[in-house]
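Spelled out, the chains give:
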Amino acid sequence: MEDLEALAVQVDDAQREVRAIRQLTKNRPGLTTSEAYAIQAMSVARRLARGEVRIGVKMGLTSRAKMVQVGVDEAAWGRLTNAMLLEEGGTLSKSAFIHPRLEPEIAFLIKKRLRGKVSPLEALSAVEAIAPAMEVIDSRFEKFKFALPDVVADNTSSSGLVLGAWHQATSIDFSNLGMVMYVNGRPMQIGSSAAILGHPLRSLVAAARLTAKWGEALEPGDIVMSGGATAAHPASVGETISLEVQHLGGCSITVEA
Ligand code: OOG
Ligand code: MG
């Protein structure tokens, strides 16, 4: 456990000091995914001890495009805190990140507790609203390279999120909505919400199941990020990156030095 705590300090320090570190599995080839989730819990506990507040969870690697981009083919989850929230229409300061990338996602706002094995219908009835969202991921590992235990220990690269307007989930069929991520007005990544496990609701079902495995639940008021529908876009200074989701509107952010 002490040994895992030391690894938690490593990833937490890398995040705070905006400094890439060596993959944990290079020094610890036997590191398991279970140990990695313990490291993640410890490193996020350090953030919470510094005053950050938990605001929900994120799913990652829930689309083929994402799995192919990073070479990891299993979905994983991470924790979101209030310090990660970026203002919609605002700026992302690139110097606060190592090598940030943006991903087009669908976010859920939870109104009823979800824990463990739930049906898609139960999951849907626990959703207050859905929103177009972009996640900022910023692997703490050199060259954005990792194996599953590394990325899990690193809170699944989580580092920021931008949310568009919330919409009542029951009024929209969000199984297959067009999603376009623009860079300075040019379409850069084009996909569909169907790329997220076939239906973003499946990502929510998976989030309830996976978090319960580690003793957690999705709580009323939580935000759940369903995972990138396309490959992530590496952010460059001067870019305005925006997402448009069919029927849901969009959100945007401008990258500054
Ligand atoms: C891992 C996190 C992936 C997503 O939406 O698929 C993720 C990474 O690619 O660094 O957040
Ligand atoms: Mg993501």
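Below: a short report on this structure. Throughout this description, residue numbers start from 1 for each chain and increase along the sequence as written. Labels follow written order: the first chain is A, the first ligand is 1, and so on. Totals for whole chains, interfaces and linings use every residue, but because this is a predicted model, local features are given only for residues with pLDDT of at least 70 and side-chain atom pairs only at 80 or more, for both listing and counting. To obtain the side-chain values, all non-hydrogen atoms of the structure were included, while hydrogens and water were left out.

### Side note on a positive patch on the surface
Piece 1. Together, Arg22, Lys26, Lys143 and Lys145 line one region of the surface with positive charge.
Piece 2. In this description a helix means any DSSP run of H or I spanning at least four residues, a strand means any run of E spanning at least two, and both kinds are numbered starting from the N terminus. Structurally, Arg22 can be placed in the loop between helix H1 (2-17) and helix H2 (24-27).
Piece 3. Throughout this description, buried means an accessible area under 20% of the type-specific maximum (1.4 Å probe, protein chains only), exposed means over 50%, and partly exposed covers the range between. What makes Arg22 partly exposed here is its relative accessible area of 44%. What goes into a patch is any residue over 30% in relative accessible area without a salt bridge, connected to like charges within 9 Å or, for nonpolar side chains (Val, Leu, Ile, Met, Phe, Trp, Tyr), within 5 Å. Where accessible areas are quoted, they stem from the Shrake-Rupley method and a 1.4 Å probe; at the residue level, only the protein chains shown are allowed to cover. Only one rule defines a salt bridge in this text: a Lys or Arg side-chain nitrogen within 4 Å of an Asp or Glu carboxyl oxygen. Charge counting treats Lys and Arg as positive and Asp and Glu as negative, with His and both chain ends excluded. Note that the charge is assigned to NZ on lysines, CZ on arginines, CG on aspartates and CD on glutamates.

### Some words on the site of ligand 1
Piece 1. A molecule or strand has a residue near it when one of that residue's heavy atoms lies within 4 Å. For ligand 1, the set of nearby residues contains 17 residues, the closest of which are Lys58, Leu61, Lys66, Ser157 and Gly228.
Piece 2. In protein, a polar contact means a hydrogen-donor-capable atom and an acceptor-capable atom, both N or O and within 3.5 Å, with residues adjacent in sequence counting only if both atoms are side-chain atoms; elsewhere, any N or O pair within 3.5 Å suffices. In the environment of ligand 1, an oxygen atom lies 2.8 Å from a nitrogen or oxygen atom belonging to the side chain of Glu103.
Piece 3. One nitrogen or oxygen atom from the main chain of Gly228 is found 2.7 Å from an oxygen atom belonging to ligand 1.
Piece 4. When isolated, ligand 1 has an accessible area of 320 Å², and the protein chains bury 100% of it.
Piece 5. For the shell around ligand 1, the secondary structure elements donating two or more residues are strand S1 (54-60), helix H4 (64-70), strand S5 (101-110) and strand S6 (127-137).
Piece 6. A total of three residues in the shell around ligand 1 trace back to one element, the largest contributor, which is S1.

### What about the nonpolar core?
Piece 1. Ranked by size, the top nonpolar core spans 70 residues in total, and within it Ile39, Leu102, Phe108, Leu204 and Ile241 carry the most contacts.
Piece 2. Broken down by element, the residue count for this core peaks at seven residues, all from helix H7 (residues 200-213).
Piece 3. Any two residues having at least one pair of non-hydrogen atoms within 4.5 Å are treated as being in contact. The residues contacting Leu102, other than those within four sequence positions of it, are Leu92, Met134, Glu135, Val136, Met181, Ala232, His233, Ala235, Ile241 and Ile253.
Piece 4. To qualify as a nonpolar core, a set must consist of buried Ala, Val, Leu, Ile, Met, Phe, Trp, Tyr and Cys residues joined through side-chain atoms within 4.5 Å. Core analysis: the next-biggest nonpolar cluster, separate from the first, contains 11 residues, Met84, Leu109, Ala129 and Ile223 among them.

### Observations concerning unusual backbone geometry
Piece 1. For Lys143, which is not glycine, the phi torsion reads 60° and is therefore positive.
Piece 2. Mapping Lys143 onto the fold places it in the loop between S6 and helix H6 (148-153).
Piece 3. In this structure, His247 is a non-glycine residue whose phi angle is positive, near 70°.
Piece 4. Residue placement: His247 occurs in the loop between strand S13 (240-245) and strand S14 (249-256).
Piece 5. Classification of His247 by relative accessible area gives exposed; the value is 58%.

### A short note on the packing of aromatic side chains
Piece 1. For this analysis, a ring pair means two rings from Phe, Tyr or Trp (six-membered ring only for Trp) whose centres lie within 6.5 Å, classed as stacked if their planes differ by under 30 degrees, edge-to-face if by over 60, and tilted for the remaining angles. Inspection of every chain in the model, using the stated rule, returns four aromatic pairs.
Piece 2. Ring geometry for Tyr37 against Trp77: centres 5.7 Å apart, planes inclined by 20°, an arrangement best described as stacked. Taken as a pair, Tyr37 in helix H3 (residues 33-49) and Trp77 in strand S2 (residues 76-81) lie far apart in primary sequence, 40 residues in all. Trp77 shares its class with Tyr37; the two are buried.
Piece 3. Aromatic pair Tyr37 and Trp214: ring centres 4.8 Å apart, planes at 25°, arrangement stacked. Residue Tyr37 is found in helix H3, and its partner Trp214 is found in the loop between H7 and strand S11 (223-225); the two are separated by 177 residues along the sequence.
Piece 4. With a relative accessible area of 29%, Trp214 lands in the partly exposed category.
Piece 5. Taken together, the ring pairs connect Tyr37, Trp77 and Trp214 into an aromatic cluster.
Piece 6. Over the aromatic face of Phe144 sits the side chain of Arg101, whose NZ or CZ is 3.7 Å from the ring centroid. By definition, being over a ring means that NZ of Lys or CZ of Arg is both within 6 Å of the ring centre and within 35 degrees of the ring normal.

### As for H3
Piece 1. Given a rise of 1.5 Å per residue, 17 residues ought to cover 24 Å, and the 24 Å separating the end C-alpha atoms of H3 matches this to within 8%.
Piece 2. Along H3, the positions that sit buried rather than exposed are Ala36, Tyr37, Ile39, Gln40, Met42, Ser43, Val44 and Arg47.
Piece 3. Lining the buried residues of H3 we find H1, H2, S2 and H6.
Piece 4. Note on H3: the residue one or two positions beyond its end, Gly51, has a positive phi of about 110°. An expected span of 1.5 Å times one less than the residue number is assigned to each helix.

### Digging into the pairing of strand S7 (residues 158-163)
Piece 1. By the criterion of burial, S7 is predominantly enclosed, with six of the six residues buried.
Piece 2. We treat two strands as partners when DSSP finds at least two bridges between them. The sheet contact formed by strand S3 (residues 85-86) and S7 spans two bridges and is parallel. Across the sheet, Leu85 pairs through a bridge with Leu161, a residue of S7.
Piece 3. In this structure, S6 lies alongside S7, joined through five bridges in antiparallel fashion. Note on S7: the bridge partner recorded for Val136 is Gly160.

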